Amino acid sequence: MRYIPNTEEQRAAMLDVLGISDEEELFGDIPESLLFSRSLKLPPAMSEMEMLAHLGALAASNAHAGEKACFLGAGMYDHFIPAVVNHMALRQEFYTSYTPYQPELSQGTLQAIFEFQSMICALTGMDVSNASMYDGASAAAEAALLAGGTTKRSDVLVSRSVHPETRKVLATYLPLRGMRLVECDIKDGVTNLGDLKGKISGETAAILVQQPNFFGCLEEMASLGTVAKESGALFIVSANPIALALLEPPSSFGADIVVGEGQPLGNPLSFGGPGFGFFAVREKYMRKLPGRVVGKTTDREGKPCFVLTLQAREQHIRREKATSNICSNQNLNVLMATVYMSLLGPKGLREVAEQSLQKAHAAWEMLCAESGFSPLFGGAPFFNEFALKSSKPVEKLNRHLLMEGFLGGYDLSLAYPEYPGGWLVAVTEKRTREEIERFAVCAGRCGE
């Protein structure tokens, strides 16, 4: 963090303009009973040099993907980010920009968002994208609320193969709108179609699945989309944007809403966030979109320009009429995604997806050849993440791998107690053949 302090002379000048003698007077309207009167229990002040050394020592205690080869995914992925992505995001016109309420002063920001929306529509095959959400989980919850409001039904049927944290967010949101979360079972690593059909009712507003799902497996999208349409429910797909460069878009299977976590698109892991959520719909649901939509038009001189076309949120219309009361535009994160997708283009994004796919399958074969590991879900097709059954305690396995220079996979028993020894491994284009081979060998040697 860099600081730009005010001098004592500048402080005095500001206080003089305000007509007060010291900073404490700024808080004069706050009742005495609410003021914090005790001294803060903080260590003595440090110089900048001392503080940087202290923070560096704290940071050094963490193992991160910059120094350890990362095979941990479970929703956040270690993809390569070209240096120009960060360079562009740190330009002052983007880094310090605020919500683009004044279009005449925000053309660069609005154009970047418009380009982002266009790219999301190209990836998902949908008609309209909004200007982003907080994250993938809240985007899924907002999609469920949209479905409830559209169908006037109360139940959202969600596969247990959807990310556990997304399901927790849904369980938090839905009851506040008088809606209900209904979970359907898993079979062989994917949604149990029979169980899903058995739980559909006249109150099912939406069917929500993830592609690839939390286990990395590819869902049978055509069948799921057909079931949703036959039941009169909206079909919501939570998608990995990198996988969309390789797989058929959700629109091909009748998806009404496509959401997802955008972190894989040029955003660093950053201890799990921030990322951003993307949200795209068919045109008929455009006016029910949460958040904002940037559009392209012409000004009175006939020149092309960009504006906030739709913004049906609580800051602009009556709260009870708003499509959402908490949505946001994660503009800086979205800008990084936009720069990333622009740099790679369709071919480059497909190359990232293909390398991730191929390297993941190579890692799967190498690990399955080692003693103590077997596929958790048989031969279920997967993208860049796969689940194994480990005969070794996963916590012990990951500690061993950490000592060998690796960030190991996710312990599935943390979210799925029915899978003891379940180990979820992710592989991206960043992993080299040498890293994959050594990772498999080190995993196989754990406990020797």
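Shown above is the structure to which this text applies.
The sections below set out a description of the structure shown in this document. Bear in mind that the values here come from a model prediction, so they are computed numbers and not experimental data.

Sheet architecture is open: seven strands sit in the order S2-S10-S9-S8-S7-S3-S4, paired in mixed fashion. One side of each edge strand has no neighbouring strand; the edge strands of this open sheet are strand S2 (128–129) and strand S4 (180–184). In this sheet, strand S8 (residues 234–239) lies alongside strand S7 (residues 204–211) in parallel orientation, the contact comprising six bridges. Directly across from Gln 210, in S8, lies its bridge partner Ser 238.

In this section: empty space enclosed by the protein. Taken as a whole and assessed by the stated rule, the structure comprises one cavity of 30 Å³ or more. Computed from the structure, the largest cavity encloses a volume of approximately 80 Å³. Every residue lining the largest cavity is listed: Phe 215, Cys 217, Trp 364, Pro 375, Leu 376, Phe 377, Gly 378, Ala 380, Phe 382, Glu 385, Phe 386 and Ala 387. For the lining of the largest cavity, the element with the most residues is strand S14 (residues 385–390), which contributes three residues. For the lining of the largest cavity, the residue count by class is ten nonpolar, one polar and one charged.

All right, on to the packing of aromatic side chains then. The full count for this structure, using the stated rule, is 17 aromatic pairs. Ring geometry for Phe 114 against Phe 306: centres 5.3 Å apart, planes inclined by 55°, an arrangement best described as tilted. Placement of Phe 114 in helix H5 (residues 107–124) and of Phe 306 in strand S12 (residues 304–310) is noted, with a sequence separation of 192 residues between them. Exposure remark for Phe 114: the relative accessible area of 22% places this residue in the partly exposed category. On the basis of relative accessibility, which here comes to 8%, the residue Phe 306 falls in the buried class.

Turning our eyes to something else, we now look at the state of the cysteines. Tallied over the full model, the rule gives zero disulfides. Cys 442 provides the cysteine sulfur closest to Cys 70, a residue in no disulfide bond, and the two sulfurs are 15 Å apart. For Cys 70, a relative accessible area of 5% translates into the label buried. Free cysteine: Cys 446, not disulfide-bonded; nearest cysteine sulfur from Cys 442 at 9.9 Å. The exposure class assigned to Cys 446 is buried, which follows from its relative accessible area of 6%.

Pairing in this open sheet of four strands is antiparallel, and the strands run S13-S14-S17-S16 from one edge to the other. This sheet does not close on itself; its edge strands, each paired only once, are strand S13 (373–375) and strand S16 (410–411). Taken together, the two bridges between S16 and strand S17 (residues 422–426) define a ladder with antiparallel strand orientation. Residue pairing for S17: Tyr 410 is matched across the bridge by Leu 424. Relative to S14, helix H10 (residues 331–369) is tilted by about 10°, and along the sheet it contacts S13, S14 and S17.

Core analysis: the biggest nonpolar cluster contains 42 residues, and Phe 235, Ile 242 and Tyr 340 have the highest contact counts within it. Of all elements in the fold, only helix H3 (83–89), H5, S4, S7, helix H9 (221–231), S8, strand S10 (277–281) and H10 reach the threshold of two or more residues within this core. In terms of residues, this core owes the most to one element, H10, which gives ten residues. Sequence-distant contacts of Tyr 340, defined by excluding residues within four places in its chain, comprise Phe 80, Pro 82, Val 85, Ile 242, Pro 264, Leu 265, Gly 266, Leu 349 and Val 352. Formed by 30 residues, the second largest nonpolar core is a distinct cluster that contains Ala 141, Leu 146, Val 158 and Phe 279.

Now for a nonpolar patch on the surface. Side chains of Leu 18, Leu 26, Phe 27, Ile 30, Leu 34 and Leu 35 sit close together on the surface and give an oily, nonpolar patch of about 590 Å² of accessible area. Within the secondary structure layout, Leu 26 lies in the loop between helix H1 (8–18) and helix H2 (48–60).

Note the cis peptide between Gln 211 and Pro 212, where omega equals -15°. Tracing the chain through its elements places Pro 212 in the loop between S7 and H9. Between Gly 273 and Pro 274 the backbone carries a cis peptide bond, its omega angle lying at 5°. Among the structural elements, Pro 274 can be located in the loop between strand S9 (257–261) and S10. The backbone of Lys 152 shows a phi angle near 60°, a positive value even though the residue is not glycine. Considering the arrangement of structural elements, one finds Lys 152 in the loop between helix H6 (136–151) and strand S3 (155–159). Using a relative accessible area of 68% as the deciding quantity, one classes Lys 152 as exposed.

Moving on, we come to the pairing of S8. By the criterion of burial, S8 is predominantly enclosed, with six of the six residues buried. The alternating pattern of S8 places Leu 234, Ile 236 and Ser 238 on one face and Phe 235, Val 237 and Ala 239 on the opposite face, and all of these are buried. In this region the chain leaves S7, passes through H9 and returns to the parallel neighbour S8; the handedness of that crossover is right-handed. Taken together, the three bridges between S8 and S9 define a ladder with parallel strand orientation. Bridge assignment links Ser 238 to a residue of S9, and that residue is Val 259.

Here is what the cut-offs are and how they apply
- Residues numbered from 1 in each chain as written.
- Predicted model: local features only at pLDDT ≥ 70, side-chain atom pairs only at ≥ 80, totals over all residues.
- Heavy atoms only, no water.
- Pairing = 2+ DSSP bridges.
- Helix = DSSP H or I, 4+ residues; strand = E, 2+ residues; numbered from the N terminus.
- 1 Å grid on protein atoms, 1.4 Å probe; cavity = no way out; pocket = protein on both sides within 12 Å on 5 of 7 lines; lining within 4 Å.
- Points joined across faces, edges and corners; volume = space filled by probe spheres on them.
- Nonpolar A, V, L, I, M, F, W, Y, C, P; charged D, E, K, R; others polar.
- Phe/Tyr/Trp six-rings, centres within 6.5 Å; stacked < 30°, edge-to-face > 60°.
- Buried < 20%, exposed > 50% of the residue type's maximum accessible area, 1.4 Å probe, protein only.
- Disulfide = S-S within 2.5 Å.
- Contact = heavy atoms within 4.5 Å.
- Axes fitted to C-alpha atoms, helices over the stretch in contact; angles between N-to-C directions.
- Core = buried A, V, L, I, M, F, W, Y, C linked by side-chain atoms within 4.5 Å.
- Patch = residues over 30% accessible without salt bridge, like charges linked within 9 Å, V, L, I, M, F, W, Y side chains within 5 Å.
- Areas by Shrake-Rupley, 256 points an atom, 1.4 Å probe, with all protein chains shown as cover.
- Salt bridge = Lys/Arg side-chain N within 4 Å of Asp/Glu carboxyl O.
- Right-handed = clockwise from strand over helix to strand, strands pointing away.

Functional significance is not addressed by these values, which are geometric in nature.
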